[in-house]
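Observations on the three-dimensional arrangement
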Amino acid sequence: TVQDPHQHSTGSEESLAVAGVYRSCYDTLRPVGKGAFGFVRLAQRKSDKQLVVVKFLRKSGVLKDCWVHDRDMGLVAQEISLLARLNHPNIVMLLEAYENECYFQLVMEKHGDGLDLFEFIERCPKITEPLVSYMFRQVVAGLSYLHGKNILHRDVKDENIIMNEHFHMKLIDFGSAAYMEPGKLFHTFCGTLEYCSPEVLLGNSYPGPELEMWALGVTLYTLVFGENPFFDVEETISGHLQPPYFTSPGLMKVLLWLLHPHPKSRATLKDLERDRWTNQEVDISQFSFESVLGCAVTRPTDDKMFHSPKPHPHKDKPHPLSDDIHDIDRLLDTK
Ligand code: ADP
Ligand code: MG
Ligand code: MG
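Below: a short report on this structure. (Residues numbered from 1 in each chain as written. Chains lettered and ligands numbered in written order. Predicted model: local features only at pLDDT ≥ 70, side-chain atom pairs only at ≥ 80, totals over all residues. Heavy atoms only, no water.)

Here we look at helix H7 (residues 209–225)
The condition that has to hold: What counts as a helix is a DSSP run of H or I of at least four residues, what counts as a strand is a run of E of at least two, and both are numbered from the N terminus. Helices are assigned an expected span. That span is 1.5 Å times one less than the residue count.
Under the 1.5 Å per step criterion, the end-to-end length of H7 is 24 Å for 17 residues, consistent within 8% with the ideal 24 Å. Remark: Gly-226 follows H7 within two positions and exhibits a positive phi of approximately 70°.

Here it is as structure tokens:
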């Protein structure tokens, strides 16, 4: 391994990660999140003190199929090449990318304080449906832009969505993304099991968009109810939803539509762009981040709340809705 004489006590992996041209341009500060194949840090550009977020991607962790020859950057992880070509308000912006022998360093815009949607949900936010619709429609917009470029994200979930104090949402983590091609089917699942659709769990080959919509449905459900819609693979395949309480019919329709067991009947992005609930009027200035989260910095110490392990636990309890929502298609007919 490369020895870095300027680093001390932060561990050799960390000094390995920051080594190279990147380190001459940025000071690496505190951790922001923890990824599977790397780590994410707040950093500061030396030239103008600009704060950024840097994802360190260990080259040995990048799967064989995930390397591409980029016109401008040469052989890089596809995640970098893809992100460099995206430009949308609901997708994180890649500012620069560096590399050394063992790591890529993805320098991204700092958006908010590094709060992702998983942590937001974990803090038991006091949300209302207009606010949820406002957050949701931005994820829809980001995905529509991506799909318009024939790109699937393939790992849509709360952890891969970041937000700021104005409830401005951005998609991150393009490590599982892939291009769609006419007639092309995927044969393996590479996302997060809790977000996998029944038809893919059953081993079918799949074109992609319908799986993405299912994952979006799981994400919306989790945001609304603070728990996962399905307890395990069996429950996902059975497709029986048991929401813990009533929502408006408009929201229930969107949830059932996205979590429709049959991919052909599932909501599409186009459906959502036209959907009344999703696009309801909302005055976002009415919502302050502090009041929604109880407090901006410290976790609430209410004894109803606890630090839940990932994923958000599914509260296993009977509820009055199961019969009413049993006939999904009948409900969706009222759209
Ligand atoms: P992995 O591919 O290992 O899941 P991610 O790209 O999802 O890595 O990053 C891991 C975590 O780091 C995210 O869940 C999020 O909390 C945080 N994170 C990543 N990128 C940013 C960013 N640009 N701004 C703020 N937080 C980020
Ligand atoms: Mg991630
Ligand atoms: Mg990833």
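A closer look at the sheet that holds strand S10 (residues 161–163)
To summarise the sheet geometry, strands pair through backbone hydrogen bonds and adopt either a parallel or an antiparallel arrangement. Going by this rule: We treat two strands as partners when DSSP finds at least two bridges between them.
The strand order across the open sheet formed by three strands is S8-S10-S11, and the pairing between neighbours is antiparallel. Looking at strand neighbours, the two that pair on one side only are strand S8 (115–116) and strand S11 (169–171), the edges of this open sheet. One ladder, built from two bridges, connects S8 with S10; its direction is antiparallel. Considered in S10, the bridge of Asp-116 is made with Ile-162.

Things to note about the packing of H7 against helix H9 (residues 249–258)
The line we're drawing: Every axis corresponds to a line fitted to the C-alpha atoms, with the helix fit spanning only the stretch in contact, and the corresponding angles, defined between N-to-C directions, vary from 0 to 180 degrees. The hand of a helix crossing depends on one turn: near helix anticlockwise from the far one by less than a right angle means left-handed, and clockwise means right-handed. Throughout, a contact is declared for two residues whenever any of their heavy atoms are within 4.5 Å.
The contact between H7 and H9 brings their axes to 8 Å, and the two run at 140°. Like other packed secondary-structure pairs, H7 and H9 cross with a definite hand, here left-handed. Contact residues: H7 offers Met-213, Trp-214, Leu-216, Gly-217, Leu-220, Tyr-221, Val-224 and Phe-225, while H9 offers Leu-251, Met-252, Val-254, Leu-255 and Leu-258.

Examining the state of the cysteines
Operational definition: Two cysteine sulfurs form a disulfide in these notes if their separation is within 2.5 Å.
Counted under the stated rule, the structure contains zero disulfides. Free of any disulfide, Cys-196 has its nearest neighbouring cysteine sulfur in Cys-190, separated by 9.7 Å.

So, the side chain of Asn-160
Note the following rule: Polar contact criterion, stated in full: a pair of N or O atoms within 3.5 Å, where within protein one must be able to donate a hydrogen and the other to accept it, and residues adjacent in sequence count only if both atoms are side-chain atoms.
Note that Asn-160 resides in the loop between strand S9 (151–152) and S10. Here Asp-173 takes part through its side chain, which lies 3.4 Å from a polar atom of the side chain of Asn-160. If we ignore the near neighbours within four places in the chain, the residues touching Asn-160 are His-153, Asp-155, Lys-170, Leu-171, Ile-172 and Asp-173.

Comments concerning the pattern of salt bridges
Stated precisely, the cut-off is as follows: The rule for a salt bridge is simple: a side-chain nitrogen of Lys or Arg has to be within 4 Å of a carboxyl oxygen of Asp or Glu.
Taken as a whole, this structure holds 15 salt bridges when the rule is applied. Two residues, Arg-274 and Asp-271, come together in a salt bridge whose shortest N-O distance is 3.5 Å. With a gap of three residues between them, Arg-274 and Asp-271 both fall in helix H10 (residues 269–274), about one helical turn apart. Look at the salt bridges and you will find they share partners, linking Lys-55, Glu-79 and Asp-173 into a network.

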